[in-house]
Amino acid sequence: MAKMDETELLELLQRKESAAGHYVHGELGDARKRAMRAYHRLPYGNEQEGWSDVVASDVQDSVEWILPALLNTFTSTDKAVAFEPTKANEVDGAEQATDACNYVFYKQNNGFLVLYTAIKDALSVKNCAVHWFKETQEVVSSQPFKGASEEMLAMLLQESGGEIEYANPEQAMGPDGQPAMQLVPDDFGMLQPQPVLLHTGRIKITEKRTICKVEAFNPAHLLIEKDWTSPLLQDCPYVARLKYVSASDVKAMDLKATADELKASDVEVDADEDRLMSVDRQDSGAFSRADNEEADDMAFGWLRIEYVLADMDGDGIAERIKVTRLRDKILDTEVVSHVPIATTSPVLNPHRWDGMSIEDLVGDIQKLHTEILRGTLDNLKLTTNPRKKLLTDANGTPMANLDDLLDSRIGGIVRMRSVDAVTEEVTSFAGGAAMQMLEYVQGMRENRTGVSRTSMGLNPDSLNNTATGRQIDQTAAMQRIELIARIFAETLVKPIFQGILKLLTDGEMQKLSFKLRDEFVEYDPQEWRDQYDMTINVGLGTGDKQMQSQMLTMILQLQQAGMAMGLATPAHLYHTGAKIIENAGFKDVQNFIQDPSKLPPQEPKPDPAVLAEQAKLQADVQKTQAQLVAQREIEQMRAQAKLQEVQANLELQAANDARDAERERQKAEFAQLMEQQKMQFEQWKAELDARTRIAIAQISAQTTLSAAQFSAADAADGGNSFPPISEGAFQP
């Protein structure tokens, strides 16, 4: 199969636009104009001068009563939509995606205003239109600085990447109160004193940021393939948004188009063209067509943003293509994953994408109501100001003055030529029967719309809130409002949040930083899946606020009683308390009670059986411990006695060792003394031997002496020729 070229694609788009446009701007456009006329209570065209021309407000009343009820359904909680994980490892990602998507819708895009516009469009003119897309914006902010030197200022500019918006230099003062000076080299390199300047001012910072934009646009500018059978547009072959833009807008979108091409791109609409132009000029702040022709840069035209299924690559499988074009020129093409447009109706028609508005339900009732009101008012006028019968003569001349009759001032005079010249035509007042008829018409409206005279609105858990707190009346009328809320949840809110998640996870978004439940968080959308299961927390239920508060209080008491038996957990108590706080009209639940999942983990409370077993074990442990203590005391006493015995033995051994040591010392001393005596003996013996030898020599030399001489000499010497020997010399 051959690839589709640009000419074939242009022809395909023009055919689909023409087919869808004839239905949207023709049959559907006429119905929308009729609905808007009924909403604004414009005349029906059958009014007669002098008669009542009042128009009943059934359509407007029904829309304005249902609108706050539905808005409260989706905005009374900070999590209108919750993503649910499909795997265990996706829990954190699903929770982060829930918080981030709700933040993007309600905070970055003023989700309340988006829902208000979309829901009111759907209630008033059959259907609404919401478009979500990426938009790169230049965010300009300023950062103040004070007392910054030249170096500090240069550092601030480098870190912030901004530019000086304004700066006022001031002379810096030293500690002594004199101007501070600094040495700065001049052109010749010589240091010269110069005053120190400190700057005060602001730095202008400009940064580009890609955000998810959500817009509720005029449903008359939404083109959908006529034969499409569902309000869900994800698989629709052709969906387009007509957008009235200027040349500047086209340039900001990085598209190229001349002023002539832009001016020639009008939508081919006959009866509704002026109406569409006026609405868009009001929405976009554009000028009139005559003003647009004054300058090319102020040229305006219609841009088509189309999402079409087409086989561009010739593989036999149609891809979803986003085409941005003027009437006869394609400006850009891109393959996309889904149709970023949602529409819905308060009452769905099976097998059709367009449903019915409130005017379709009560338009005829409003007309009937109008006729009854007009007839009753006209009847009341005739009753209080009856017509007069005027008697004339044979020639037709009035028998009373006509000017006096036409003058209805109080106390006025009527001149008559005959007593019975003027009589009143009595008209009986039919107000009683009219009031019964009005009650019947009122009941018809309540049954069709679900808006009763005692109905105060719809909140996430109540279908009927009354000032006196009466129990809800389960009627078919109230069930209609519940059904409308469910339709909007499934066909409008759910696709919007799914689309926001896809935009955040396509790889081009920065990290999101915002304050969540009194804490600043930073999420990276690249860590999430692009699809999760989704739950719409519209909380539709039964009972008014007072009744709900009573029921929730009873549930809270039941949960508190069941805590001891394990029938409830702190998470159940928190959920019930949060519902009570939300039912009271407060969204900041975290400022009243703490989520137990945010608390540090605590040990689980054991059941009584476990406690009894633990007590028994503890008693056994205590008994065992007592036995061990007694045994340990006995062992300690034995050990003490043994220790004392060992100590006594050691002391005895020490005494024996000391005695043995003393003996050894004495032995050593005796041995030493004996050695000394021995040495003295040897010395004495040596001396004796020496003397003996000397004596023997002397005796040998004197052998020739006579014995007498020797004896005389010995006698004369007195026997002291040898040294005396002490008596104890040889004593041990």
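Draft legend 1. How the structure looks around the overall build of the protein. Secondary structure summary: the protein contains 17 helices and 17 strands in total. Classification of the 732 residues of the protein by burial places 34% in the buried group. Contacts in the protein between residues at least 24 apart in sequence constitute 71% of all its contacts with a sequence separation of at least 6. Surface summary for the protein: the accessible area is close to 44400 Å², and the carbon and sulfur share equals 53%.

Draft legend 2. View of the side chain of Asp 121. Looking at the secondary structure, you find Asp 121 in helix α4 (residues 111–125). The buried charged residue Asp 121 lacks any salt bridge partner; its closest oppositely charged side chain belongs to Lys 120, at an N-O distance of 8.1 Å. Apart from residues no more than four positions distant in its own chain, Asp 121 is found in contact with Lys 126, Asn 127, Cys 128, Phe 217 and Pro 219.

Draft legend 3. Just the packing of helix α1 (residues 6–39) against helix α10 (residues 358–384), in detail. Contact geometry of α1 with α10 gives a least axis separation of 11 Å together with a crossing angle of 55 degrees. Between α1 and α10, the interaxial angle falls into the category oblique. Crossing hand, α1 versus α10: left-handed. Residues Arg 34, Ala 35 and Ala 38 of α1 form the contact with α10, whose own contacting residues are Glu 359, Asp 360 and Gln 366. Partitioned by chemical class, the residues of the contact of α1 with α10 number 2 nonpolar, 1 polar and 3 charged.

Draft legend 4. How the structure looks around the sheet that holds strand β3 (residues 163–171). Reading across from one edge, β3-β6-β2-β12 is the order of the 4 strands in this open sheet, with antiparallel pairing throughout. Every other strand in the sheet has two partners, leaving β3 and β12 (341–342) as the edge strands with one partner each. Where strand β2 (residues 130–148) meets β12, 2 bridges bridge the pair, whose relative direction is antiparallel. Looking across to β12, one finds that His 131 is bridged to Ile 341. Contacting β2 and β6 (197–216), α4 runs over the sheet at an angle of about 30 degrees to β6. Packing against the sheet, helix α5 (residues 150–160) makes contact with β2, β3 and β6, and its axis sits at approximately 170 degrees to β2.

Draft legend 5. Fine view of a nonpolar patch on the surface. Residues Leu 377, Leu 380 and Phe 429 make up a contiguous nonpolar surface patch of about 260 Å² in total accessible area. As for its placement among the helices and strands, Leu 377 is situated in helix α10.

Draft legend 6. Focus on the pattern of salt bridges. Counted under the stated rule, the structure contains 19 salt bridges. In this structure, the salt-bridge partner of Asp 30 is Lys 33, at a minimum N-O distance of 3.9 Å. Note that Asp 30 and Lys 33 are positioned in helix α1 at a spacing of 3 residues, about one turn of the helix. Residue class for Asp 30 comes out partly exposed when judged on its relative accessible area of 42%. A salt bridge links Glu 359 to Arg 34; its shortest N-O distance comes to 3.8 Å. You can see Glu 359 sitting in helix α10 and its partner Arg 34 sitting in helix α1, a full 325 residues away along the chain. Owing to a relative accessible area of 9%, Glu 359 belongs among the buried residues under this scheme. Each of Glu 17, Arg 304, Glu 306 and Arg 325 takes part in salt bridges that share partners, so that together they form one network.

Draft legend 7. Just the packing of aromatic side chains, in detail. Overall, the coordinates contain 8 aromatic pairs when judged by the stated rule. Arranged with centres 6.3 Å apart and planes meeting at 80 degrees, the rings of Tyr 23 and Trp 353 form a pair that is edge-to-face. Taken together, the residues Tyr 23 in helix α1 and Trp 353 in the loop between β12 and α10 connect sequence positions 330 residues apart. Pair check on accessibility: Tyr 23 and Trp 353 agree, each one buried. Through a chain of ring-to-ring contacts, three or more aromatic side chains come together here, namely Phe 105, Tyr 106 and Phe 497. A cation sits over an aromatic face here: Arg 241 above Phe 217, 4.4 Å from the ring centre.

Draft legend 8. A look at unusual backbone geometry. The backbone phi angle of Asn 110 is positive, close to 55 degrees, even though this residue is not glycine. Turning to its location among the elements, Asn 110 is positioned in the loop between α3 (91–108) and α4. The class for Asn 110 is partly exposed, based on a relative accessible area of 40%. At Asp 254, a position not held by glycine, the phi torsion is positive, near 60 degrees. By secondary structure assignment, the location of Asp 254 is in the loop between α6 (247–252) and α7 (259–263).

Draft legend 9. The nonpolar core, seen in detail. Core analysis: the biggest nonpolar cluster contains 50 residues, and Phe 105, Ile 119, Leu 123, Phe 488, Ile 496 and Phe 497 have the highest contact counts within it. At 13 residues, helix α13 (residues 476–504) tops the list of elements feeding residues into this core. Excluding residues that lie within four positions of it along the chain, Ile 496 makes contacts with Phe 105, Val 130, Trp 132, Val 214 and Ala 342. Residues Leu 242, Tyr 244, Trp 302 and Leu 303 belong to the second largest nonpolar core, which totals 43 residues.

Draft legend 10. Representation of a negative patch on the surface within the structure. On the surface, Asp 5, Glu 6, Glu 8 and Glu 11 cluster together into a negatively charged patch. Considering the arrangement of structural elements, one finds Glu 6 in helix α1. The class for Glu 6 is exposed, based on a relative accessible area of 52%.

Thresholds, definitions, all that
Residues numbered from 1 in each chain as written. Predicted model: local features only at pLDDT ≥ 70, side-chain atom pairs only at ≥ 80, totals over all residues. Heavy atoms only, no water. Helix = DSSP H or I, 4+ residues; strand = E, 2+ residues; numbered from the N terminus. Buried < 20%, exposed > 50% of the residue type's maximum accessible area, 1.4 Å probe, protein only. Contact = heavy atoms within 4.5 Å. Areas by Shrake-Rupley, 256 points an atom, 1.4 Å probe, with all protein chains shown as cover. Lys, Arg positive; Asp, Glu negative; His and termini not counted. Salt bridge = Lys/Arg side-chain N within 4 Å of Asp/Glu carboxyl O. Axes fitted to C-alpha atoms, helices over the stretch in contact; angles between N-to-C directions. Parallel < 35°, antiparallel > 145°, perpendicular 65-115°, else oblique. Left-handed = near helix turned anticlockwise from the far one by under 90°. Nonpolar A, V, L, I, M, F, W, Y, C, P; charged D, E, K, R; others polar. Pairing = 2+ DSSP bridges. Patch = residues over 30% accessible without salt bridge, like charges linked within 9 Å, V, L, I, M, F, W, Y side chains within 5 Å. Phe/Tyr/Trp six-rings, centres within 6.5 Å; stacked < 30°, edge-to-face > 60°. Lys NZ or Arg CZ within 6 Å of the ring centre and 35° of its normal. Core = buried A, V, L, I, M, F, W, Y, C linked by side-chain atoms within 4.5 Å. Charge placed at Lys NZ, Arg CZ, Asp CG, Glu CD.

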